[in-house]
There are 2 protein chains.
Amino acid sequence: DQDPTYNATRDDQSAITSALERLFENDPIRDPLLISRSDRPCNAETPPELLTRDFVTPNNLFFVRNHLPVPEIDVEEYTLEIDAPWVKNPITLTLKDLQRKFEHHDVMTTLQCAGNRRKEMHDAKPVKGLQWTQGAISNAIWTGVLLKDVIEQSIGPVPKEWADKIKHVQFHGAEGYGASIPSHKALDPRGDCLLTFAMNGSPLPKDHGWPVRALVPGHVAARSVKWVTKITLAEDESESHWQQRDYKGFGPSKTLEESDYSTAVSIQEMPVQSCVTVPQPNETVPVVEGRATGIKGFAWSGGGRGIVRVDVSVDGGKTWTDAKLTRPGQEAGKEWAWTHWEASVPVTKEGPVEIVCKAVDTSYNEQPRDMESVYNVRGVLVSAWHR
Amino acid sequence: DQDPTYNATRDDQSAITSALERLFENDPIRDPLLISRSDRPCNAETPPELLTRDFVTPNNLFFVRNHLPVPEIDVEEYTLEIDAPWVKNPITLTLKDLQRKFEHHDVMTTLQCAGNRRKEMHDAKPVKGLQWTQGAISNAIWTGVLLKDVIEQSIGPVPKEWADKIKHVQFHGAEGYGASIPSHKALDPRGDCLLTFAMNGSPLPKDHGWPVRALVPGHVAARSVKWVTKITLAEDESESHWQQRDYKGFGPSKTLEESDYSTAVSIQEMPVQSCVTVPQPNETVPVVEGRATGIKGFAWSGGGRGIVRVDVSVDGGKTWTDAKLTRPGQEAGKEWAWTHWEASVPVTKEGPVEIVCKAVDTSYNEQPRDMESVYNVRGVLVSAWHR
Ligand SMILES: [Mo]
Ligand SMILES: [Mo]
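What this report covers is the structure whose coordinates are included nearby. Bear in mind that the values here come from a model prediction, so they are computed numbers and not experimental data. Sequence order as written defines the numbering, with residues in each chain counted from 1. Written order determines the labels here, with chains lettered from A and ligands numbered from 1. Reporting of local features is limited, given that this is a predicted model, to residues whose pLDDT is at least 70; pairs of side-chain atoms are given and counted only at 80 or more, and all residues count toward the totals for whole chains, interfaces and linings. As a rule here, side-chain values come from all non-hydrogen atoms in the structure, and water together with hydrogens is ignored.

Structural notes on the environment of B:Lys88
Residue and element names in this part refer to chain B. Selection criterion: In DSSP terms, a helix is any run of H or I states spanning at least four residues, a strand is any run of E spanning at least two, and both are numbered starting from the N terminus. Burial status follows relative accessibility: with a 1.4 Å probe on protein chains alone, a residue under 20% of its type maximum counts as buried, one over 50% as exposed, and anything between as partly exposed.
Relative to the helices and strands, Lys88 resides in the loop between strand E4 (79-83) and strand E5 (91-94). Looking at Lys88, the relative accessible area reads 78%, which means it is exposed. In this structure the C-alpha to C-alpha distance between Lys88 and Asn43, which are 45 residues apart in sequence, comes to 39 Å.

Structural data, given as structure tokens:
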């Protein structure tokens, strides 16, 4: 994490700058409405009020979280390799193979970055990482083929002697990123893991993994690997930096030095989350018949858990009002998409109030109250009540 | 919930009392170590220090939660009926059929009552119901046959025209209790739902459902129906009082009158939980080299989610120390059993301290901090930090 230009002379610096520019020359132009958190690589979030304008986020407004430059891929040359320890010759599929040989599925899924809302945690106590507010989350309808179908119809089902050993499915991205998910999720007939090539009815945008992105519903977005070129069934998790030394949670009193990545558990499913999107700080909402109206937000939980309730308070959490929910209407246990909510809350005093929300998911998990008790040095899993 | 003896004369009262006694005459003798919360029906919890003495709770110390009298069942006469809307003649199985026709499975599973720790919530603000402290939870190894096998091998798989309609599997108990679970859980090859006839290697005790108890790992204990005599695949949830008008969660500001059972979601999977079992209030633990030692407890989460961390504090939650975990060693996503933990925490002052614990599960859900924010009129789902 050291600044690579730290020891550079001015000439070296300019050489590095132009080398960097060349690395990123394949990056697409982004919608200026996106709020940039870093340019190279591109990390940009959806503006808060646009998170709840549409239930399905338009492609141009879907948050972008790139770890590396966008790779240049010639679709005619693109191949996806499927491999496993018992397979002698890995199977190679073209985009056309994927699109023609397997049944197509549409799955509406919300993706959220592990670091969403990091800025709030940073404001409570400094943490490293991109300073996301609440917009590193978006919802889309993804079109693709079932990962399970592709694996089972190309290399066949896992042989008996390997069944107890194969615990993970690893994804390799063309740009160098990598991650893995538990094999039981990848192969679950109800898991809805896809290899996608379209998003909201259009071909996958470059920023979102064109031509093929793995989609892992209910899991942290970091496992939905973009520009995927190789899939490996394996005994172990991905050896990538991001699987091994990132995207893990630690206790609130642990320093960076005390945080042991080798024993911490990789983030896969995410905890219950919610945010107020309207109003934003210092904005006003109409008060009608003693109630503050038009308060809006989103709620989401990982693992296909839906939202059973969103509680909204304007007195710092002393009293709570149920919000009206717009749920995705997905099958129980497969509620991959977020819930939108709107509330009108009784107010007893004039002037500014602090709006707080917290959501409850179908396993009746609740959001924790304070940043301090979920604090971790990487600033991930920020799920405290949103204020 | 009105007292049935409220309007009774003294004579009526004594007649009612002896009628009640006759109703409960089949109830077994219980271990005097269990802490009784009601006698008729029997509700009794495991003493706190015995929760963490053994990883598998001995049968005689397993908490008892009966809604009605223990039914008298002649095993030679016992039958289990399997029914579904497309089935003309329901299938009837004897205990011997169950034991001989299907493959046996052992599954270690923790069961927790929805009302566990209700007394703590009641102490913060009064709620109705049995005043459980922390012992309405226990862990056992259950032996039985897969519910999925029994259904599919007796009435066959769900026909195509019913696949989208069958959403629930209902259990009917011989004593009059009833409940249901989502069909996707009942039929999930990884769901481990059993029809059990043994517990920790012994025949199921009378109090725990002899001869057959449904076991629904990862769900609230109220769905693991005892003395089960009928199983119905259905479009709707069980119509029983306990499915429809109990075991649901409500917002913290809702009164009993405002709590709408018709729109609330039934508790199935439970949220992440943990408790300190040693020391108990006013007990002491040894301080060795500046650390309070031998602090013990349990942690558990629903839905097969395991425990990734237990944080322990002796300064009210300002600083936290990771506990050492004894996990069940079950497969990822099938961690049905609890985790035991032990901690030694640095102490800087002499005298009494308040020990607090909170657990984090594999979906990185956290326990909420305060009773007030999870308060609900039924006093269920008590998962605030344990102090
Ligand atoms: Mo991320
Ligand atoms: Mo219960």
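Description of helix H5 (residues 147-154) of chain B
Of all eight residues that make up H5(B), six are buried, and the element is covered over most of its length. Directly beyond the C-terminal end of H5(B), a positive phi value near 85 degrees is found at B:Gly156.

Examining the nonpolar core
Keep this limit in mind: Nonpolar core, defined: a set of buried Ala, Val, Leu, Ile, Met, Phe, Trp, Tyr and Cys residues in which side-chain atoms within 4.5 Å join the residues together. The contact definition used throughout considers only heavy atoms, calling two residues in contact when any of these lie within 4.5 Å.
With 51 residues, the main nonpolar core has B:Leu98, B:Phe171, B:Leu195, B:Val228 and B:Ile231 as its most contacted residues. With sequence-adjacent residues up to four places away left out, B:Leu98 is seen in contact with B:Leu80, B:Leu93, B:Val145, B:Val150, B:Leu195 and B:Val212. A:Leu80, A:Phe102, A:Cys193 and B:Val360 belong to the second-largest nonpolar core, a separate cluster that totals 50 residues.

Re the relation of the copies chain A and chain B
Stated precisely, the cut-off is as follows: The copies were overlaid with a least-squares fit restricted to C-alpha atoms from residues scoring a pLDDT of at least 70 in each copy.
With an RMSD of 0.0 Å, the operation that places chain A on chain B is a rotation of 180 degrees combined with a shift of 0.0 Å along the axis. The relationship between the two copies is best expressed as a two-fold rotation axis. Residue A:Pro368, judged by its C-alpha, is the member of chain A lying nearest the rotation axis, at 2.2 Å.

Concerning the pairing of strand E10 (residues 194-199) of chain A
Residue and element names in this part refer to chain A. Rules: For two strands to pair, DSSP has to find at least two bridges joining them.
Judged by how many residues are buried, E10 sits mostly within the fold: six of six residues are covered. Where strand E7 (residues 137-146) and E10 come together, five bridges link them in antiparallel fashion. From the neighbouring strand, Thr143 faces E10, where its bridge partner is Ala198. Pairing of E10 with strand E12 (residues 213-215) involves three bridges; the strand directions are antiparallel. Across the sheet, Thr196 pairs through a bridge with Arg213, a residue of E12. Bridging between E10 and strand E11 (residues 202-203) involves two bridges; their strand directions are antiparallel. Residue Met199 lies in a different strand from E11, and its bridge partner there is Ser202. Between E10 and E11, which pair antiparallel one after the other, the connecting turn spans two residues, and Asn200 there sits at a positive phi close to 55 degrees.

Let's talk about the sheet that holds strand E21 (residues 356-361) of chain A
All names here are of chain A. Across the sheet, which stays open at both edges, the three strands sit in the order E18-E17-E21 with antiparallel pairing between neighbours. Either end of the sheet is taken by a strand with one partner, and the two such strands are strand E18 (321-322) and E21. Both strand E17 (residues 307-313) and E21 contribute to a ladder of six bridges, which runs antiparallel. Looking at the pairing, Ser313 lines up with Val356 of E21.

Topic: the sheet that holds strand E13 (residues 228-234) of chain B
Residue and element names in this part refer to chain B. Condition: Here an angle of 0 to 180 degrees is reported between the N-to-C directions of two axes, which are lines fitted to C-alpha atoms, with helices fitted over the stretch in contact.
With mixed pairing, five strands are arranged side by side in an open sheet as E5-E4-E13-E8-E9. For this open sheet the edge positions go to E5 and strand E9 (178-182), each flanked by a neighbour on one side alone. With strand direction ignored, the average angle separating the axes of adjacent strands in the sheet is 20 degrees. By the bridge criterion, three bridges tie E4 to E13 in an arrangement that is parallel. Opposite Asp83, over in E13, you have Thr232 as the bridge partner.

What about the pairing of strand E17 (residues 307-313) of chain B?
Residues and elements named next belong to chain B. In terms of burial, E17 is a largely internal element, seven of the seven residues being buried. Alignment of E17 against strand E18 (residues 321-322), held across two bridges, turns out to be antiparallel. Of the residues in E18, the one forming a bridge with Asp311 is Asp322.

Focus on the interface of chain A and chain B
We count it as follows: When two parts are put together, the accessible area they lose, computed with a 1.4 Å probe and summed over both, is reported as buried area. One speaks of a salt bridge when a side-chain nitrogen belonging to Lys or Arg is within 4 Å of a carboxyl oxygen belonging to Asp or Glu. Throughout this entry, Asp, Glu, Lys and Arg are counted as charged residues, while Ala, Val, Leu, Ile, Met, Phe, Trp, Tyr, Cys and Pro are counted as nonpolar. The remaining residues, Gly among them, count as polar.
Listed by partner, the interface residues are 43 residues for chain A and 43 residues for chain B. Looking at the side of chain A facing chain B, the largest losses of area belong to A:His184, A:Tyr364 and A:Asn365, adding up to 20% of the total buried there. Here chain A and chain B share four salt bridges between them. The partner of A:Asp370 in a salt bridge is B:Arg369, with the nearest N and O atoms 3.2 Å apart. When residues of the side of chain A that touches chain B are traced back to their parent elements, those giving at least two are E17, E21 and helix H9 (371-374) of chain A. Looking at which element gives the most residues to the side of chain A that touches chain B, the answer is E17(A), with three residues. Taken together, the residues of the side of chain A that touches chain B break down into 15 nonpolar, 12 polar and 16 charged.

Shape is all these values report; function is a separate question.
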